[in-house]
Amino acid sequence: MNAIANMTATRTAVLDEAHAGHIRGAFGTIRQGDDGPRESWTHRLQTLLAILGPGLIVMVGDNDAGAFGTYTQAGQNYGTALLWTLLLLVPVLYVNQEMVLRLGAVTGVGHARLIFERFGKFWGAFSVIDLFVLNALTVVTEFIGIALTLDYLGISKELGVALAAILIIAAASTGDFRRFERFSMVLVFGSLLLVPVFLMVHPPVAQIARDFVVPRLPEGAKLNEVMLLVIAIVGTTIAPWQLFFQQSYVIDKRITPRFIGYEKADLWLGIVLVIAGAVAMMAITAAAFAGEPEFGNFVDAGAVASGIGNYAGRAGGTMFAIALIDASIIGASAVSLSTAYAIGDVLSLKHSLHRKPSDAKGFYAVYCGLIAVAAGLVLTPSAPLGLLTNAVQTLAGVLLPSATVFLLLLCNDKAVLGPWVNTRWLNLFAGGVIAVLLMLSIILTASVMFPEAASEEVIFAILGGGGILGVLVALGVLLAGEKDGRTAIAAPVDRASRVNWRMPPLREVPPPRLSIAVKTWMVVLRAYLLLAAGLVLLRIVTLVAR
């Protein structure tokens, strides 16, 4: 009752009383109403430990089974030549995830619900349908990763997949948020198993450092094949589910604007871990297979574990395999949660890990249903698991621009974020990112649909056109922000007032004002994405039929 009373008194848009109260993180508690200054380093550290979780989980969860496959393919086929792509993704990761954590802390409303409320049911339905289809396929790939690893470890696939599914379901179904977060943090620490594998393989550190900061293309490689792999790296590192998950998880953890600084530190820690893990995977496979017959002939992550075992010792292969299982479990958990949060948002269902399954039946039905169906599909004989994995990477690359467009528009909506709206330069950067993602999406679609026609000349033409488009989009976003004042704060707001500002109840938020240019851009983008995703799915179905 106190939580409900506090929500009413402050008139915020928090939709569920479960989303208000004490912050009970894996490593500490911050009591509701604790707004005192954090003056000592001890107090600041205690606060950070209590806040830790959303950034670490979403980032480490991003190094899932699909990421293991993509990064190890890059390392086994091209050595460390593509490490520089990871460095370029660091600012993109931070900007995207910082925007959603800010939206979550300030609004108290999930990403899917905000899209429905600010852009209407038409756009909201498209976004959630996109998310549901892509997430369902992604969860399947997580269990594919588990199944591949079990073969290497000599464990029954049926037993191992079933136990993994039960563990993932049980971890989120206790009705205790802290218990789930502690489970997730164990998996986060489990990702560090790649460190001893790295040390066993002992790849050349100087070359790794050079390739991480100096862009170059692999010698003798075909540009179209390299570009497809680069797009796969982008698609697996920056995925739509991350946006929906982190915003809802920040809300479920009850983080408010007062603690945004600490949540940004949590996000940076997660980014360091995810990039370090990706670098380790590329470097490990590059060193393990250098000069061996398997170099340049990637099969799957299970074969990588076997190769590491052959060339670096059984212990190294086993730890790599366990790290893959760990990654698949945290990935399946986070992706399924992002879907359950989104469905709960748009259908106004109770959706919180603070609630027991009996008190949030729809939320847990979506979560458990995705896990059960994915596990069952992986255990189905003759299921096209390889094609499903490729479908996820392809669709993620095609659908990336759409999610980022809505995110940018929401972060410029003064009625939603008030003094927390984007700055001019953040809009400029985000606009450029959208243009680059769209360019990569076009290359990917063309390569999948017309593999014979996707020559180096065509790719260079798209890259050149995309560069011009990037400049125009970025300048358009900047000028639009200056013209209608969405990126400016109407009146100076002192720090204390900004920290306490939260979005009012949704019924009191004035409708958005979208220019004709923005509406036209949204329609054109959606039409392209529908066509591209439809064509890609049609080609995949055709390949399955063969």
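From a predicted model like this one, the values you see are computed outputs, not experimental measurements.

Conventions we followed
- Residues numbered from 1 in each chain as written.
- Predicted model: local features only at pLDDT ≥ 70, side-chain atom pairs only at ≥ 80, totals over all residues.
- Heavy atoms only, no water.
- Helix = DSSP H or I, 4+ residues; strand = E, 2+ residues; numbered from the N terminus.
- Buried < 20%, exposed > 50% of the residue type's maximum accessible area, 1.4 Å probe, protein only.
- Areas by Shrake-Rupley, 256 points an atom, 1.4 Å probe, with all protein chains shown as cover.
- Core = buried A, V, L, I, M, F, W, Y, C linked by side-chain atoms within 4.5 Å.
- Contact = heavy atoms within 4.5 Å.
- 1 Å grid on protein atoms, 1.4 Å probe; cavity = no way out; pocket = protein on both sides within 12 Å on 5 of 7 lines; lining within 4 Å.
- Points joined across faces, edges and corners; volume = space filled by probe spheres on them.
- Nonpolar A, V, L, I, M, F, W, Y, C, P; charged D, E, K, R; others polar.
- Salt bridge = Lys/Arg side-chain N within 4 Å of Asp/Glu carboxyl O.
- Expected span 1.5 Å × (residues − 1).
- Phe/Tyr/Trp six-rings, centres within 6.5 Å; stacked < 30°, edge-to-face > 60°.
- Axes fitted to C-alpha atoms, helices over the stretch in contact; angles between N-to-C directions.
- Parallel < 35°, antiparallel > 145°, perpendicular 65-115°, else oblique.
- Patch = residues over 30% accessible without salt bridge, like charges linked within 9 Å, V, L, I, M, F, W, Y side chains within 5 Å.

Draft legend 1. Representation of the overall build of the protein chain within the structure. When its secondary structure is counted, the protein chain shows 23 helices and two strands. Considering the protein chain as a whole, with its 546 residues, one finds that 57% of them fall into the buried category. Total accessible area on the protein chain is roughly 21,900 Å²; 67% of this is exposed by carbon and sulfur atoms.

Draft legend 2. Structural context of the nonpolar core. Counting residues in hydrophobic clusters, the biggest one holds 159 residues, and the most contacted among them are Leu86, Phe143 and Leu353. The biggest single contributor to this core is helix H16 (residues 314-346), with 17 residues. When residues no more than four places from it in sequence are discounted, the contact partners of Leu353 are Ala172, Gly175, Asp176, Phe177, Phe180, Tyr249, Asp252, Leu337, Tyr341, Phe363 and Tyr364.

Draft legend 3. Representation of empty space enclosed by the protein within the structure. What the rule picks out here adds up to four cavities of 30 Å³ or more. Size it by volume and the second largest cavity reaches roughly 120 Å³. Ser127, Asp130, Pro240, Phe244 and Ala403 are the residues nearest the centre of the second largest cavity, which is lined by 13 residues in total. Elements with a minimum of two residues in the lining of the second largest cavity: helix H6 (111-119), helix H7 (121-153), helix H13 (240-252) and helix H18 (385-410). Taken together, the residues of the lining of the second largest cavity sort by class into eight nonpolar, three polar and two charged.

Draft legend 4. Spotlight on the pattern of salt bridges. According to the stated counting rule, one finds eleven salt bridges in the structure shown. We note a salt bridge from Glu181 to Lys253, for which the minimum N-O separation is 2.7 Å. One end of the pair, Glu181, is in helix H9 (residues 177-190); the other, Lys253, is in the loop between H13 and helix H14 (260-289), with 72 residues separating them in the sequence. Summarising the burial analysis for this pair, Glu181 and Lys253 share the class buried. The partner of Asp359 in a salt bridge is Lys350, and the shortest N-O contact between them spans 3.3 Å. Shared partners join several salt bridges into a network, and the residues in it are Arg24, Asp176 and Arg179.

Draft legend 5. Representation of helix H4 (residues 65-78). An ideal rise of 1.5 Å per residue puts 20 Å on 14 residues; H4 measures up with 20 Å between its terminal C-alpha atoms. Among the 14 residues of H4, 13 are classified as buried, and the element is accordingly described as predominantly covered. Following H4 by one or two positions, Gly79 has its phi on the positive side, about 65°.

Draft legend 6. Structural view of the environment of Val128. If you trace the backbone, Val128 turns up in helix H7. Along the primary structure Val128 and Val346 are separated by 218 residues, whereas in three dimensions their C-alpha atoms are 8.5 Å apart. The residues touching Val128, leaving out its near neighbours within four places in the chain, are Ala112, Phe116, Ile343 and Val346.

Draft legend 7. Layout of the packing of aromatic side chains. Counted under the stated rule, the structure contains eleven aromatic pairs. On the numbers, 5.1 Å between centres and 55° between planes, the contact of Phe119 with Phe406 is tilted. Placement of Phe119 in helix H6 and of Phe406 in helix H18 is noted, with a sequence separation of 287 residues between them. For the pair formed by Phe119 and Phe406, the shared burial category is buried. Ring centres 6.1 Å apart and planes at 70° place the aromatic pair Trp241 and Phe245 in the edge-to-face group.

Draft legend 8. Examining unusual backbone geometry more closely. Unlike most non-glycine residues, Arg254 shows phi in positive territory, near 70°. By relative accessible area, Arg254 is classed as buried at 15%.

Draft legend 9. Molecular detail of the packing of helix H8 (residues 157-172) against helix H17 (residues 361-378). The geometry of H8 relative to H17 is characterised by a closest axis approach of 10 Å and an angle of 170° between their N-to-C directions. Relative to H17, the element H8 is oriented roughly antiparallel. Only Tyr364, Tyr367, Cys368, Ile371, Ala375 and Val378 of H17 make contact with H8, whose side of the interface consists of Lys157, Val161, Ala165, Ile168, Ile169 and Ala172. In the contact of H8 with H17, the residues fall into eleven nonpolar, no polar and one charged.

Draft legend 10. A nonpolar patch on the surface, seen in detail. Together, Phe27, Leu45, Leu49, Phe189, Leu192, Val195 and Leu199 line one region of the surface with nonpolar side chains, adding up to about 640 Å² of accessible area. Only helix H2 (41-51) and helix H10 (194-201) provide two or more residues apiece to the nonpolar patch. Turning to its location among the elements, Leu45 is positioned in helix H2.

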